[in-house]
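Residues per chain, in single letters:
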Amino acid sequence: MTGRAFRRSWIALIVLGVAAVAVASLLPIPSDDLEGGSDKFWHFLTYFVLALFSSGIVAADRLWRLAVRCLLLGAGLEAAQALLTDTRQADWADLAANAAGILCAWM
């Protein structure tokens with residue numbers, strides 16, 4: 001696989017990952033997921049993996065832009081949960097967990 005084909009494949013996987021995060025963020029939560037525990041770990045892990053994986057094709061001096069884009073994705077999805085769904089709600093703590101995952105991936 002050439003460098004250009006590899007980059008296109010990597011970008012396609014990132015787009016699929018973002019789409020999966022968006023769909024999972026807006027679908028109703030199964031009732032068994034509501035029992036006990038916190039979802040903050042999953043927010044952290046999801047955005048950590050997304051930022052870390054995405055950083056594989058970004059120049060080091062542009063990593064801050066990637067971090068901002070990931071944070072804006074999380075903020076946009078939190079807003080979408082509040083505005084577009086009846087079964088989900090926005091939570092500042094979720095956004096903080098997203099930001100922590102992004103920051104850890106950046107480090």
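Residues numbered from 1 in each chain as written. Predicted model: local features only at pLDDT ≥ 70, side-chain atom pairs only at ≥ 80, totals over all residues. Heavy atoms only, no water.

Here's the deal with the state of the cysteines
So the rule is basically this: The term disulfide is used for any two cysteine sulfur atoms that are within 2.5 Å.
Here the structure, examined in full by the defined rule, presents zero disulfides. Between Cys-70, a free cysteine, and Cys-104, which holds the nearest cysteine sulfur, the sulfur-to-sulfur gap is 13 Å.

Some thoughts on a nonpolar patch on the surface
To be explicit about the condition: Like charges within 9 Å and nonpolar side chains (Val, Leu, Ile, Met, Phe, Trp, Tyr) within 5 Å are joined into patches, using only residues over 30% in relative accessible area that form no salt bridge. Computed with the Shrake-Rupley method and a 1.4 Å probe, the accessible areas treat only the protein chains shown as cover for residues. By definition here, a salt bridge exists when the distance from a side-chain nitrogen of Lys or Arg to a carboxyl oxygen of Asp or Glu is within 4 Å. The way it works is that DSSP assigns letters per residue, a run of H or I at least four long becomes a helix, a run of E at least two long becomes a strand, and they are numbered from the N terminus.
There is a patch of nonpolar side chains on the surface, built from Leu-13, Leu-16, Phe-41, Trp-42, Leu-45, Val-49 and Phe-53 and spanning about 700 Å² of accessible area. Sorting the residues of the nonpolar patch by element identifies helix 1 (3-26) and helix 2 (40-54) as the ones contributing at least two each. The leading source of residues in the nonpolar patch is helix 2, at five residues. Note that Trp-42 resides in helix 2.

Concerning the confidence of the model for the protein chain
Here is the rule we go by: Each residue carries a pLDDT score, the predictor's confidence in it, ranging from 0 to 100.
Across the protein chain, pLDDT averages 90, with 93% of residues at or above 70. Mean pLDDT values over the elements of the protein chain span from 93, in helix 1, up to 96, in helix 3 (residues 63-84).

A closer look at helix 2
As a reminder of what qualifies: Expected helix span is computed as 1.5 Å times (number of residues minus one). Exposed residues in this analysis have more than 50% of their type's maximum accessible area, buried residues have under 20%, and partly exposed residues fall in between, with area computed by a 1.4 Å probe over protein chains only. Read the arc as the range of directions from the helix axis to the C-beta atoms. In this analysis, two residues are considered to be in contact whenever any of their non-hydrogen atoms come within 4.5 Å of each other.
Relative to the 21 Å expected for 15 residues at 1.5 Å per residue, helix 2 spans 21 Å between its end C-alpha atoms, a close match to the ideal helical length. For helix 2, the complete set of buried residues consists of His-43, Tyr-47, Leu-50, Ala-51 and Ser-54. Here the buried residues of helix 2 occupy an arc of 90 degrees about the axis, which is enough to place them on one side. The inward-facing, buried residues of helix 2 contact helix 1, helix 3 and helix 4 (92-106).

A short note on the nonpolar core
Quick note on the threshold: Put simply, buried Ala, Val, Leu, Ile, Met, Phe, Trp, Tyr and Cys residues joined by side-chain atoms within 4.5 Å make one nonpolar core.
Val-21, Tyr-47, Leu-50, Ala-51, Leu-66, Ala-67, Cys-70, Leu-77, Ile-102 and Ala-105 together form the largest nonpolar core, which totals 10 residues. Of all elements in the fold, only helix 2, helix 3 and helix 4 reach the threshold of two or more residues within this core. Among the elements that make up this core, the one with the highest residue count is helix 3 (four residues). Residues within four places of Val-21 in sequence aside, it is in contact with Thr-46, Tyr-47 and Leu-77.

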